[in-house]
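Residue strings, one per chain:
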Amino acid sequence: MAPVKNGRVIFNEIPSGYPDPNKTVIYDESEIIDPDTVPLNGGFIVKTLVISIDPYMRGRMRDPSVKSYSPPFPLGEPIANHAVGVVIRSENPSVKPDLTGLRILENKEGLPWSAYVGIAGMPGQTAYYAWKEYAAAKKGETVFVTAGAGPVGSAVIQIAKSEGLKVIASAGSEEKVAFLRSIGVDVAFNYKTTKTAEVLAKEGPIEIYWDNVGGESLEAALEYANKNARFLECGMISVYNTEPYPIKNLMNVVSKEIKLYGFLVFSLHEKYEEEFYREWPKRVASGEIKYTEDAKQGLKETGQAIYEVQKGLNKGKSVIVVSSE
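Rules and cut-offs
Residues numbered from 1 in each chain as written. Predicted model: local features only at pLDDT ≥ 70, side-chain atom pairs only at ≥ 80, totals over all residues. Heavy atoms only, no water. Domains from an automatic or database assignment. Contact = heavy atoms within 4.5 Å. Buried area = accessible area lost by both parts, 1.4 Å probe. Salt bridge = Lys/Arg side-chain N within 4 Å of Asp/Glu carboxyl O. Pairing = 2+ DSSP bridges. Helix = DSSP H or I, 4+ residues; strand = E, 2+ residues; numbered from the N terminus. Axes fitted to C-alpha atoms, helices over the stretch in contact; angles between N-to-C directions. Buried < 20%, exposed > 50% of the residue type's maximum accessible area, 1.4 Å probe, protein only. Core = buried A, V, L, I, M, F, W, Y, C linked by side-chain atoms within 4.5 Å. Parallel < 35°, antiparallel > 145°, perpendicular 65-115°, else oblique. Left-handed = near helix turned anticlockwise from the far one by under 90°. Nonpolar A, V, L, I, M, F, W, Y, C, P; charged D, E, K, R; others polar.

- The name an unreviewed UniProt entry assigns to the protein chain is Enoyl reductase (ER) domain-containing protein, from the organism Somion occarium.

The following block contains the structure:
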């Protein structure tokens, strides 16, 4: 195999506010490698096919002195995230490489590889694991899902509908609201043009709240929650790039005896991962679970994709297609 460019996306600048598509990360293709001869040091070389762009990546674009649940991206080094690739060369077969954090995908269902960084990957796992662990859902209850058109929210919605719940869901454009309706949402609305509190006052109270955005939506959910409601706190993208929103009715957690669950998907891997891969991809492949993707071609588009996800401009699960097989 002839020498090839080993393209990389470098973390170039810590953003203040929204990431700058042209400055926060930069595409670099100065590194040239020969896949046949590059030292593997007991490991293997992978050709990347598709990479996921996720909201949580903004939290890794920080100063190393700021502590969080995930490590910061080192300045001047390539950023990393969930991806699917194919092994094109490995070391001596008698050497067992470290596969921690990796999974060999059988893909018996024949899904597009991009699905495994979206609906059949970490976002799908997030919805599947946490719903099973915390929702305690009963047929006929009402759930409110924010960022419902996103990969996590749309998976939650479809799980909830399959279990007989009434679903209220919000999104940030009329196109996304139409998608919500297409996957069975009972009450879909654009939070930019309709007050969340007004919708919940009319359609609530709610027994389950799946939170992807925090801020005013969380405050409205607290106001219109039923007694003993379950709140699944998955993310708060409304405050990732701005000052925190001061929630004014947190006392409702006490007065309504709300169960508030914060969670990280990897904390539930051990309990649910094998079940997920056994059950979920076939539901996606059958068409029972629907999804949309926003695919960009080439690593050079990473900065723009990151920006669009933070601004809510992506239309479906954001992925970077690096190569076909």
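### Some words on the domain arrangement of the protein chain
Piece 1. Along its sequence, the protein chain is carved into domain 1 (4-118 + 291-321) and domain 2 (122-265).
Piece 2. Listed by partner, the interface residues are 18 residues for domain 1 and 11 residues for domain 2.
Piece 3. For the pair domain 1 and domain 2, the two sides together bury roughly 1,300 Å², of which 59% comes from carbon and sulfur.
Piece 4. It is Tyr-69, Gly-118 and Lys-315 that lose the most area in domain 1 upon contact with domain 2, and together they represent 23% of the buried surface on that side.
Piece 5. Counting the contacts that link domain 1 with domain 2 gives 1 salt bridge.

### Some points on the sheet that holds strand β11 (residues 225-233)
Piece 1. The parallel open sheet is built from 6 strands, whose spatial order is β9-β8-β7-β10-β11-β12. Each end of this open sheet is capped by a strand with a single partner; those strands are β9 (187-190) and β12 (259-262). Ignoring strand direction, the axes of neighbouring strands in this sheet form an average angle of 15 degrees.
Piece 2. Bridge count for strand β8 (residues 166-171) against β9 is 4 bridges, and the pairing is parallel. Following the sheet pairing, Ala-169 is matched in β9 by Ala-188.

### Structural notes on the sheet that holds strand β14 (residues 317-321)
Piece 1. With mixed pairing, 4 strands are arranged side by side in an open sheet as β6-β5-β14-β13. Each edge of the open sheet is held by one strand with a lone partner, namely β6 (83-90) and β13 (293-297). The sheet shows a mean angle of 25 degrees between the axes of neighbouring strands, taken without regard to direction.
Piece 2. Two elements, strand β5 (residues 44-52) and β6, share 7 bridges in a ladder whose sense is antiparallel. Residue pairing in the sheet places Ile-51 in a bridge with Ala-83 of β6.

### A few points about helix α5 (residues 215-223)
Piece 1. Counting buried positions over the 9 residues of α5 gives 7, a clear majority of the element.
Piece 2. For α5, the set of buried residues is Gly-215, Ser-217, Leu-218, Glu-219, Ala-220, Ala-221 and Leu-222.
Piece 3. Here the buried face of α5 lies against β7 (142-145), α4 (196-203), β10 (206-211), β11 and α6 (252-255).

### Topic: the pattern of salt bridges
Piece 1. Using the criterion set out here, one finds 18 salt bridges in the structure.
Piece 2. Between Asp-28 and Arg-8 there is a salt bridge, with its nearest N and O atoms 2.9 Å apart. Highlighted residues: Asp-28 in strand β3 (residues 25-28) and Arg-8 in strand β2 (residues 8-11), separated in sequence by 20 residues.
Piece 3. In this structure Arg-8 comes out as partly exposed when scored by relative accessible area, which is 24%.
Piece 4. Lys-132 is the partner of Glu-275 in a salt bridge, and the nearest nitrogen-oxygen pair spans 3.3 Å. Separated by 143 residues along the polypeptide, Glu-275 in helix α7 (residues 269-285) and Lys-132 in helix α1 (residues 122-135) bring together distant segments of the chain.
Piece 5. With a relative accessible area of 22%, Glu-275 lands in the partly exposed category.
Piece 6. The network of salt bridges with shared partners includes Arg-103, Glu-273 and Glu-274.

### Quick look at the nonpolar core
Piece 1. Counting residues in each nonpolar core, the largest one holds 49 residues, and the members touching the most others are Trp-131, Trp-210 and Trp-280.
Piece 2. Of all the elements in the fold, those that place two or more residues in this core are β5, α1, β7, α2 (151-162), β8, α3 (174-182), β10 and α7.
Piece 3. No other element matches α1, which puts 8 residues into this core.
Piece 4. Ignoring anything within four residues of it in the chain, the contact list for Trp-280 reads Ile-119, Ala-120, Gly-124, Tyr-128, Ala-155, Ile-159, Glu-275 and Ile-289.
Piece 5. Counting residues in hydrophobic clusters, the runner-up holds 17 residues, among them Val-187, Leu-218, Val-253 and Ile-258.

### Overview of the packing of α4 against α5
Piece 1. Between α4 and α5, the least distance of the axes is 9 Å, while the angle of their chain directions is 25 degrees. One finds that α4 runs roughly parallel with respect to α5. Between α4 and α5 lies a crossing whose hand is right-handed. Residue-level inspection shows Thr-196, Ala-197 and Leu-200 of α4 in contact with α5, the latter providing Ser-217, Ala-220 and Ala-221.
Piece 2. Its residues assigned to classes, the contact of α4 with α5 shows 4 nonpolar, 2 polar and no charged.

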